Every structure is written in C-alpha cells, then in structure tokens.
Amino acid sequence: MTTENETTADAPTSVAFRTEVQQLLHILAHSLYTDREIFLRELISNASDALHRVQFEMLTNREVRDADAELAIRLSADKDARTITISDTGIGMTREELIENLGTIAQSSARAFVAAAKEAQRPSSEIIGQFGVGFYSVFMVADKVTVTSRSYQAEAEAACWESTGGNTFTITHAEKAERGTTIVLHLKDDADEFANDWKLEQIVKKHSNFVAFPIYSGERRLNEQQALWRKPAREVKAEQYPEFYRQLTMDFDEPLLHLHLSTDVPVDLHTILFVPAKRERGILERRIEGKIKLYSRKILIQEDANDLLPNFFRFLEGLVDSEDLPLNVSREMVQSSPVLQRIRKTLTGRLFKELNELAEKDADKYAAFWKEFGPFIKEGLATDYEFRDELTKLLRFNTTKSGENLATLADYKSRMLEGQTEIYYVQANDLEAARRSPHLDPLEARGLEVLLMHDLMDGFMLGNFREYEGLKLRNIDDASLELPGEAPASAVQVSDEDFARLCARVKAVLGEEKVTSVRASELLRENPARLVTEKNTPGREMQRIQQMLGRETKIEPRVLELNRGHALIANLAGRNSANSDDPVVAAVAEQLYDNALLLEGLLTNPAAMVPRLQALLEAAARP
Ligand code: ADP
Ligand code: MG
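Residues numbered from 1 in each chain as written. Chains lettered and ligands numbered in written order. Predicted model: local features only at pLDDT ≥ 70, side-chain atom pairs only at ≥ 80, totals over all residues. Heavy atoms only, no water.

Asker: Where do I start with the overall build of the chain in this structure?
Answerer: Each helix and strand counted, the chain has 20 helices and 22 strands in total. By the compact-globule yardstick of 25 Å for 623 residues, the chain is too spread out, its C-alpha radius of gyration being 34 Å. Based on the C-alpha atoms only, the size of the chain along its principal axes is roughly 105 × 55 × 40 Å. Counting every position in the chain, which comprises 623 residues, the buried fraction comes to 53%. Residue pairs in contact within the chain that sit at least 24 positions apart in sequence constitute 73% of those at least 6 positions apart. (Helix = DSSP H or I, 4+ residues; strand = E, 2+ residues; numbered from the N terminus. Rg over C-alpha atoms; globule rule 2.2 N^0.38 Å. Buried < 20%, exposed > 50% of the residue type's maximum accessible area, 1.4 Å probe, protein only. Contact = heavy atoms within 4.5 Å.)

The following block contains the structure:
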C-alpha cells in the first residue's frame, strides 16, 4: 500500500488499493449483473458479524463503548439524494482497521474471484460473497461509498473511509459519537431502483430474513422476530428450511435432509441441522465440509463447532443453540462441559434416527445420500467404536443379487443360504470390474451372494470392520476359501501327470516374484485361472487403496489356480508334455497371469502385454 501524500490533521489521506483490489473493483464496476441486489446481503452479513463480535467481546470486557446500545442494523433510503444508508452498532473499526479491512483482501481470494469472474460470461454476483470480498459488491450499484466507523475500544476515535471505486480510497477523521459503522451508498444512475424502502424490505426478506439481530427500517423490524431454530418445528413452514439453509450456507442446492429440534428438557437445545445435497459444492466453493455454528444463550460462541458431532458427521451444516452451555469464551471449557457431551449424544442419536427413517420412506433420496456421504459412514466404521451399530445400519452395498439397488447387511443376512456362515465380498476398482471378477464364478454357481466392494473407503473400513452379527466378512480371493453347497467343478480333462508337469512349468516361467505356487482350483468353473491370496499375505486391502490412489505398488506374489476342467488348460498341458520347451506354453502362462491381474484391476502397464499377444496371434494364425 502506498500513501501518496502524508498529511497532517484533517486533510483526507489518499491511499492506493492493492493491485488485486483494483482488478476486482474494475470487474465489479464494469460488468453487468443480473442480481445486483445481493450487495445488501453482503453489507448486512458484515454488520451481523460485527454485532456478533461485539457481543462476544462484552462477555469478558467491561470497557466496551456504548455497552447498553441495542444490537441492531438500521436501513434507510433517500429517493431524492439517491442514497442508501446502512448502520450497525457492531464492533466498529479504527482508522487502521478501515485501511486494512477495506483496502486489502487476501490475495488468494481476490485471484480466485477474478479468475472465476473472467470465466463466467456474465459474472454471477453469487460468486462475490463466497470469496471473502463481499464488501466490494457495493460498487455494482454505487459510484461513491462512505464508511464511517467508531471502534468499541474506549480510546479509539471515529474515522471515515471513502472511495469512488477507482484505484484509491481516502481516509479522514470523522465525528461519530456512537459505537459501530455507518455506510452510505451513492447509487449509480442505473441503480436508483434501490433507493426505495419497499425495495430494501423485499431484499432483506429474500436474502437476510434469518439474521439473528433486528434489521429496522424506521421503527419497523423487517426480518423474522424469532430465530427459526427457537420456534417449535410445527410452527415452521416446510419452505422455510431450504430458505434458511440457503441464507446460512450460500449453497443454492436444496438440502437433502433437515433435522429441527427445539426442546427444553432434559437439556435446553435448539438446533437445525442440514445434510447438504452434495458433498462438494461447485468449483467456486472454498470449503468442502460443513460448519456448525454454536450459540449459547443466543450469542454466537463458535463459528465452527466441530466437536459437537462425531467426526464422521462433519458434512452437516447448521447451528446449535443452548441456554445450558456455559457462556465461556474458551473453547476448551465449552468442549469439556458435560452439557456439550449430552447435546452431542442427543444430536447424534437423532441424526441416525432421521437417516434410518429416510431410508425407509424414500429409497431414492437415501441412495442419493449414500452416494455422496457413504464414504464418511465407512470412515466412521474404520475409526469409531462408539457408534458402530448405528453406522452399520446405514451401510449399503451393491451385491451380485441386488441388481441396480443397494442392499443392507440385514438384507444380505436374510438371503443367506443354508450352511452359509460368512459374508462374502470381492474387491475391485469399480463396479463393472467387480461384476466381472473371476472369483465370483464358483459363488454364483452355488447361488451365494457376494458384496461388490469398489469404493476407496471400503479398504479403510475393512481394516477395522470384519464382522456383522457374528458373521465374518470374507474376501473371496482367499486361498483357503471353502464354500457351502454343491457345484461340482467341471470334469477334469487332463491327467494328473500332465497337469503336474504344467504346474511346474508355469511356476518356473512366472518365477517367485509373481507366484508362490501353482495348483489346481477346487472351485473354478468358467474361468481358466485366477490368483488367490494366502491368508497371511499382509494388507491387500491397503494395497488396493494405494493402487486406487495411483501410487506405485509392488504386487505381492500370489497363488495361481488353474482350472483342470477348462479346455485351454487341458490343451496347454498336452502341448507342454509334448514339448517341454514350447515357447507358446510360456507365453500363454504369462498371459494367463496378466489376464488375472487385469481382471482384478491390478495390472499397471497393460501395453507391455502387446508384443507377447502379437507372438501368440502369429502362432494362432499359422496355417
Ligand atoms: P468478509 O466479510 O468475508 O471478511 P468483506 O469484504 O465482506 O469480507 O469485509 C471485509 C472486512 O471488513 C470484514 O472482515 C470486517 O473486518 C470489515 N467490515 C466490513 N463491514 C464491517 C462492519 N459493518 N463492521 C465492522 N467491520 C466490518
Ligand atoms: Mg462479508
């Protein structure tokens, strides 16, 4: 920042905006916006923040200026002068703070905003509030803005910031007796529609109706008298929830679910929580996970009270308000309060209940929830013991019998066959690959259902979640897998001697890096071969996670099982016995191994197979 003329006394000091701000202002002043009215929302949101902050300050500080002033926001319009005035009794700003807060912006925010605005042909003004550059939106409608402010600090004097939205602003001494901030907008020629009390009221209702402090126009209060979350749920109209959600989060997708709880016993608790529609918002969104605001006796004490819910519920948004919480500014004190623990328990219990009800009442909506937030639930099972049973109920899987639907573990259990004592699952990198897995063949032949696990988080979950109601979860690529029921393997077409010779040859060709042993399969029917894992091979679930994350992983040697009933294996054994140096046998052995890896989604460089395939094709095409 450069100060052009260091002056004394009351002459205005002219200060250049930081470059990023200049760019931003240029875009704001010279673009056409469809919804310019949101400048008011931004100013009210700043006023409300300032009020929250002074309220918070007063909890511990007895020296705050005008401690008795009503915490409120006032609006007025002057048609003839073409001005709007918005004032608050919030925390206020000192001269230095005016320069700092209204002259600079976080460079990253500004850059992101400028980039996004350039991208969009007609920059939506919705972008503005999301980049922490909200104040500057006034220059969409005003060609001159004056901000007069007096800080809460006893010794601070009032100061005035003024700018016409060009490259500079000025700072002067000002006369203002009361604490807070007053902003006067001199409207542009094409923006005089806003110099109208009725219009301002309309905008407040639309964008700022649920602000926690009164917004007055003259004597009239424009916004809701009572905080929505303090009303009994039956008094709230259904459409008020999405509205409230939008104003709270700036997320324009309707939430998937809301929970409204307003009770006095056993603990005083007023809360509205939302499950958003999407896990991640648009590219413009700065944060991915939700925020819970915590109010104690109507005072905002934490912006992001992330210990109010278990970690796996961190995608929820909303607020919690309780009269029973200690009014204390220390986070640790709040955290260790037994009331907080009670609230946490109540909320978590209710959320599980709501989610289960959603699943019962609206399967499609639940499926949408599961698609977005299933990974959080699985993460919960990987890390949390306290809520294990409740989390388990929320689990859903694609299975070999569920078709396009999702199944619960209870569904699976109810469909288990006689003699079945385990829950079977197969892992793959995606659903299609899971459905094509060579391991499924013997289970399908017996009518056994298999969970198709194809999500990154499944691997994490399985690290800690291996049993459901006494039934073990079993990976069907286990070398020692034994299946209940009958499904005889297809008739053996190769002599013991030829087969033993083939196994030895294949093992020699592949080497110990790839296979620990080569043996006959007791289970395969349709597929010539598969790779199985000896029980003690460490962490193959973890290995798959590494692989799904695109990390280099070493493929551990496995057991290669060959299907003695398969024509390919029988012919190969014949060829091998006829000529123990046959290069075709070696090439087929390597290819069978690669095919098995490929089907499991574990082959890292499929192109490397091409020269070998070429050689095999040549052999096949030979007359
Ligand atoms: P944000 O609100 O995301 O921080 P803004 O551009 O809306 O970004 O506001 C910039 C800063 O200016 C605020 O963080 C705050 O410090 C200060 N500010 C704006 N309006 C007021 C106000 N009415 N009272 C006190 N401080 C304010
Ligand atoms: Mg703001």
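Asker: Looking at this structure, I do not really get unusual backbone geometry. What am I missing?
Answerer: What is expected of a backbone is that most residues other than glycine have negative phi and most peptide bonds are trans. Note that the residue after Val265, namely Pro266, is joined by a cis bond; omega there is -5°. In this fold, Pro266 is placed in the loop between strand E10 (257–263) and strand E11 (269–275). One non-glycine residue, Asp66, adopts positive backbone phi at about 50°. Its place among the elements puts Asp66 in the loop between helix H2 (38–58) and strand E2 (73–78). Although it is not a glycine, Arg82 adopts a positive phi angle of roughly 55°.

Asker: Even after reading the chapter, I still don't get the nonpolar core, so can you show me in this structure?
Answerer: Taken as a class, soluble globular proteins show a tendency for nonpolar side chains to be buried jointly. Of all hydrophobic cores here, the largest spans 69 residues; its most connected members are Leu273, Phe313, Leu316, Val320, Ile343, Phe369 and Tyr424. Per-element tally for this core: the top contributor is helix H9 (residues 338–361), with 9 residues. Lining this core are residues from two domains, each supplying at least three of them: domain 2 (228–361) and domain 3 (367–475). Not counting chain neighbours up to four residues away, the residues in contact with Phe313 comprise Thr348, Leu351, Phe352 and Leu355. Of all hydrophobic cores here, the second largest spans 59 residues; its members include Leu24, Leu51, Leu98 and Ala142. (Core = buried A, V, L, I, M, F, W, Y, C linked by side-chain atoms within 4.5 Å. Domains from an automatic or database assignment.)

Asker: Help me understand the sheet that holds strand E12 (residues 292–296) in this model?
Answerer: Whenever strands of a sheet pair, they do so through backbone hydrogen bonds, lying parallel or antiparallel. One open sheet holds the 5 strands; their spatial order is E10-E11-E14-E12-E13, and the pairing between them is mixed. The two strands at the open ends of the sheet, each matched to only one other strand, are E10 and strand E13 (299–302). The sheet shows a mean angle of 20° between the axes of neighbouring strands, taken without regard to direction. Relative to strand E14 (residues 317–322), E12 runs parallel, the two being bridged by 5 bridges. Note that in E14 the partner of Ser296 across the bridge is Ser322. H2 rests against E12 and E13 of the sheet, and its axis sits at about 80° to E13. (Pairing = 2+ DSSP bridges. Axes fitted to C-alpha atoms, helices over the stretch in contact; angles between N-to-C directions.)

Asker: I tried to follow the packing of helix H19 (residues 583–599) against helix H20 (residues 610–621) on my own but got confused; where do I start?
Answerer: A pair of packed helices is captured by two measures, namely the crossing angle of their axes and the spacing between those axes. Their axes nearest at 10 Å, the elements H19 and H20 cross at an angle of 130°. Taken as axis vectors, H19 and H20 run oblique relative to one another. Considering only the axes of H19 and H20, their crossing is left-handed. Between H19 and H20, the contacting residues are Val584, Ala587, Val588, Glu590, Gln591 and Asp594 on the first element and Arg612, Leu613, Leu616 and Ala619 on the second. Residue composition of the contact of H19 with H20, grouped by class: 6 nonpolar, 1 polar and 3 charged. (Parallel < 35°, antiparallel > 145°, perpendicular 65-115°, else oblique. Left-handed = near helix turned anticlockwise from the far one by under 90°. Nonpolar A, V, L, I, M, F, W, Y, C, P; charged D, E, K, R; others polar.)

Asker: What is the right way to read empty space enclosed by the protein from this model?
Answerer: It is a probe the size of a water molecule, rolled over the atoms, that shows where empty space is left. Per the stated rule, a full pass over the model turns up 2 cavities of 30 Å³ or more. Lining the largest cavity, in full, are Val426, Gln427, His439, Asn475, Asp477, Arg540, Gln543, Arg544, Arg558, Glu600 and Leu602. Every element with two or more residues in the lining of the largest cavity is listed here: strand E16 (422–427) and helix H17 (540–548). For the lining of the largest cavity, the element with the most residues is H17, which contributes 3 residues. In terms of residue class, the lining of the largest cavity is built from 2 nonpolar, 4 polar and 5 charged. (1 Å grid on protein atoms, 1.4 Å probe; cavity = no way out; pocket = protein on both sides within 12 Å on 5 of 7 lines; lining within 4 Å. Points joined across faces, edges and corners; volume = space filled by probe spheres on them.)

Asker: What is the right way to look at the pattern of salt bridges in this model?
Answerer: Any two side chains of opposite charge can pair if their charged atoms end up close together. Under the criterion given, the structure shown has 38 salt bridges. Here Asp455 ties to Lys378 by a salt bridge, and the two come within 3.0 Å at their closest N and O atoms. Within this pair, whereas Asp455 is found in the loop between strand E17 (450–453) and helix H15 (456–462), its partner Lys378 is found in helix H10 (residues 363–383), the two being separated by 77 residues in sequence. Classification of Asp455 by relative accessible area gives partly exposed; the value is 24%. Taking relative accessible area as the criterion, Lys378 reaches 7% and is therefore assigned buried. Each of Arg36, Asp190, Glu193 and Lys199 takes part in one network of salt bridges that share partners. (Salt bridge = Lys/Arg side-chain N within 4 Å of Asp/Glu carboxyl O.)

Asker: Any chance you could explain the site of ligand 1 here in plain terms?
Answerer: Taken together, 11 residues lie around ligand 1, and Asn46, Asp88, Asn101, Gly134 and Phe135 are the ones closest in. A distance of 3.3 Å separates an oxygen atom of ligand 1 from a polar backbone atom of Gly134. A distance of 3.4 Å is found between a nitrogen atom of ligand 1 and a side-chain nitrogen or oxygen belonging to Thr181. Taking 540 Å² as the accessible area of ligand 1 by itself, protein coverage stands at 79%. When residues of the shell around ligand 1 are traced back to their parent elements, those giving at least two are H2 and helix H3 (95–103). Within the shell around ligand 1, the residues separate by chemical class into 5 nonpolar, 5 polar and 1 charged. (Near = heavy atom within 4 Å. Polar contact = N/O pair within 3.5 Å; in protein donor to acceptor, adjacent residues only side chain to side chain. Areas by Shrake-Rupley, 256 points an atom, 1.4 Å probe, with all protein chains shown as cover.)

Asker: Before we go on, may I ask you to explain the packing of aromatic side chains in this structure?
Answerer: The relation between two aromatic rings is expressed through the spacing of the ring centres and the mutual angle of the planes. For the structure shown, the criterion picks out 24 aromatic pairs. Taking the centre distance of 5.2 Å and the plane angle of 50° together, the rings of Phe313 and Phe352 count as tilted. Residue Phe313 is located in the loop between E13 and E14, and its partner Phe352 is located in helix H9; the two are separated by 39 residues in the primary sequence. Both residues of the pair, Phe313 and Phe352, belong to the buried class. (Phe/Tyr/Trp six-rings, centres within 6.5 Å; stacked < 30°, edge-to-face > 60°.)

Asker: Which parts of the structure should I look at to understand the layout of surface pockets?
Answerer: When its volume is computed, the second largest pocket comes out at roughly 380 Å³. Taken together, 14 residues make up the lining of the second largest pocket; nearest its centre are Trp370, Lys371, Lys378, Asn398 and His454. Broken down by class, the residue content of the lining of the second largest pocket amounts to 6 nonpolar, 3 polar and 5 charged.

Asker: Looking at this structure, I do not really get the sheet that holds strand E4 (residues 142–150). What am I missing?
Answerer: Pairing is mixed in the open sheet, where 9 strands are placed in the order E1-E6-E5-E4-E7-E3-E2-E8-E9. Among the strands making up the open sheet, the edge pair consists of strand E1 (13–16) and strand E9 (220–221).

Asker: Could you clarify how one ought to interpret helix H18 (residues 567–578) in this entry?
Answerer: It helps to recall that an α-helix has 3.6 residues per turn; residues three or four apart then point in one direction. With 12 residues, H18 extends 17 Å between its outermost C-alpha atoms, agreeing within 8% with the 16 Å of an ideal straight helix rising 1.5 Å per residue. Along its buried surface, H18 packs onto helix H16 (496–510), strand E22 (558–562) and H19. (Expected span 1.5 Å × (residues − 1).)

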